[in-house]
Amino acid sequence: EAQVTQNPRYLITVTGKKLTVTCSQNMNHEYMSWYRQDPGLGLRQIYYSMNVEVTDKGDVPEGYKVSRKEKRNFPLILESPSPNQTSLYFCASRLSLAGQYEQYFGPGTRLTVT
Amino acid sequence: RKEVEQDPGPFNVPEGATVAFNCTYSNSASQSFFWYRQDCRKEPKLLMSVYSSGNEDGRFTAQLNRASQYISLLIRDSKLSDSATYLCVVSSRWGYQKVTFGTGTKLQVIP
């Protein structure tokens, strides 16, 4: 089954404790991205990757890091989480950079930083 | 002005009703348009792409008006299962990664 998986699905942590949210897709997609979704603000892109070892900032990259060492995986790293990073996070992939392709989303990770 | 704007709703409609949502976009160079559906606390999923000539998928019809820079989604014979948030999505141009999501319009279909 074609899918995007994320782990963990729920996470409560404390300010400053480094965490990683994993993302994996099994569709051999070149393009992957991370979004956060907050009430009234919609989905905002954090980082994206056009292919292995190629990443770039989205609209709200501050406080986040990513890496793309393998095509299928695109982890999101919060080196020192803060309460304003409490949000619902989605990983997404699509076939390529071109914007006309459907995006497939992971099930989401609900993060609370206290 | 936001790149993509939607009325947040909620739209509360009875079963069987016809409901329409509009979405406006600001970038005249936009090339690809979509409607995604998002159930509460779940991931967005593609409902349908929107083509210049308009397109239909069962009870759902999508239209694009480039001159006025808006897209629309019409749902006929609303079902309880249509209750969700509908996201308007716009891609700026071919070959460019920027995909912008609207904040969504919430639909609640009432028995």
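The present account deals with the structure reproduced in this document. Keep in mind that this is a model prediction, so the values were computed, not measured.

**Topic: the state of the cysteines**
Residues and elements named next belong to chain A.
Then comes step 1: Throughout the structure, instances matching the rule amount to two disulfides over all chains.
Then comes step 2: The disulfide that involves C23 links it to C91, with 1.8 Å between the sulfurs. Torsion about the S-S bond of the C23 and C91 cystine: about -70°, corresponding to left-handed handedness. Here C91 lies in strand 9 (residues 87-94) and C23 lies in strand 3 (residues 19-25), a separation of 68 residues in the sequence.

**A closer look at the packing of aromatic side chains**
Then comes step 1: Scanning all chains against the criterion turns up 12 aromatic pairs over all chains.
Then comes step 2: For the pair Y35 of chain A and F101 of chain B, a centre-to-centre distance of 5.4 Å together with 75° between the ring planes defines the contact as edge-to-face. Remark: F101 of chain B occurs in strand 10 (residues 99-101) and Y35 of chain A occurs in strand 4 (residues 31-38); the pair is interchain, linking two chains.
Then comes step 3: Among the residues examined, F101 of chain B registers a relative accessible area of 6% and is labelled buried.

**A closer look at the nonpolar core**
Then comes step 1: F21, W35, I71, L73, I75, Y86 and L107 of chain B are the most contacted members of the largest nonpolar core, which totals 23 residues.
Then comes step 2: Elements supplying a minimum of two residues to this core: strand 3 (19-25), strand 4 (32-38), strand 5 (45-50), strand 7 (60-65), strand 8 (70-75), strand 9 (84-91) and strand 11 (105-110) of chain B.
Then comes step 3: Leave out the neighbours within four places in its chain, and L107 of chain B touches F11, V13, V19, F21, I75, D82, S83, A84 and Y86 of chain B.
Then comes step 4: Membership of the second largest hydrophobic core comes to 19 residues, among which are V21, F74, Y89 and V113 of chain A.

What counts, and where the lines are drawn
Residues numbered from 1 in each chain as written. Chains lettered and ligands numbered in written order. Predicted model: local features only at pLDDT ≥ 70, side-chain atom pairs only at ≥ 80, totals over all residues. Heavy atoms only, no water. Disulfide = S-S within 2.5 Å. Helix = DSSP H or I, 4+ residues; strand = E, 2+ residues; numbered from the N terminus. Phe/Tyr/Trp six-rings, centres within 6.5 Å; stacked < 30°, edge-to-face > 60°. Buried < 20%, exposed > 50% of the residue type's maximum accessible area, 1.4 Å probe, protein only. Core = buried A, V, L, I, M, F, W, Y, C linked by side-chain atoms within 4.5 Å. Contact = heavy atoms within 4.5 Å.

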